[in-house]
Each structure stands twice: as C-alpha cells, then as structure tokens.
Amino acid sequence: ILHLRIGLHRGPCIAMTANDRIDYFGTTVNTAARIQGVAGADEIALSPTLLQQPDVHALVRSLRLPARTQQLTLKGLSGAHMITILKV
C-alpha cells in the first residue's frame, strides 16, 4: 500500500539549473515543504495563499472531500498558519 502526503503552497521562488537539473529555492519552497509535513497519510494540505485563489477554492468545494482547517506553527516559519487539510 502506498500512502501519499501532499503539501501545496503558492508564491515566488528562485529556479536554478545545476548538473542539467532544475532546482527551486526560497521561502515559498520551504513553506510548501513544511505544509507537506503536517499532512497525514492520504491527505493534501493547502496554504491559505493557494486556497484563496478562486479556481482552487471552487475545485476544493466541488470535490466535497472531508476537510479540516487548523491553525498550526510550521517549523522554521514565524507565526501561526491556517492550513486546510483534505482527506482523499
């Protein structure tokens, strides 16, 4: 059995090519990684920045998946973050 944990966030980042591979850096990437870290097995965790996008919000509502929103502290990031977690 394979269980996935997905974290999604939106924002600017730095893209760099090294050894013929593209890699991404910056606060946006770090935030996405921390958000993924709070998702459990078979869950998708979404940042408020992403969920505020009208098309994303509409898609999430149309899926009608069980969801919860939690105020969480994310390692290495200041303040509390409202994370929405969908069970798939």
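Residues numbered from 1 in each chain as written. Predicted model: local features only at pLDDT ≥ 70, side-chain atom pairs only at ≥ 80, totals over all residues. Heavy atoms only, no water.

Section: helix α1 (residues 27–38)
At 3.6 residues per turn, the α-helix brings residues three or four places apart onto the same side. Counted at 1.5 Å a residue, the expected span for α1 with its twelve residues is 16 Å, and the 17 Å between its end C-alpha atoms agrees. Taken together, the buried positions of α1 are occupied by Thr-28, Thr-31 and Ile-35. All buried residues of α1 lie within an arc of 60° about the axis, which places them on one face of the element. If you follow the buried residues of α1, they end up packed against β1 (5–8), β4 (43–46) and β6 (80–87). (Helix = DSSP H or I, 4+ residues; strand = E, 2+ residues; numbered from the N terminus. Expected span 1.5 Å × (residues − 1). Buried < 20%, exposed > 50% of the residue type's maximum accessible area, 1.4 Å probe, protein only. Arc of directions from axis to C-beta. Contact = heavy atoms within 4.5 Å.)

Examining unusual backbone geometry
Phi is positive for Asn-19, close to 55°, though the residue is something other than glycine. In this fold, Asn-19 is placed in the loop between β2 (14–18) and β3 (21–25). Judged by relative accessible area, which is 74%, Asn-19 ranks as exposed.

A few points about the nonpolar core
Across soluble globular proteins, you tend to see nonpolar side chains buried next to one another. Within the largest apolar cluster, eight residues are counted, these being Ile-35, Ala-39, Ala-45, Leu-72, Leu-74, Leu-77, Ile-83 and Ile-85. If sequence neighbours within four positions are ignored, Leu-74 has contacts with Arg-34, Ile-35, Val-38, His-81 and Ile-83. Residues Leu-46, Leu-50, Val-56 and Val-60 belong to the second largest nonpolar core, which totals seven residues. (Core = buried A, V, L, I, M, F, W, Y, C linked by side-chain atoms within 4.5 Å.)

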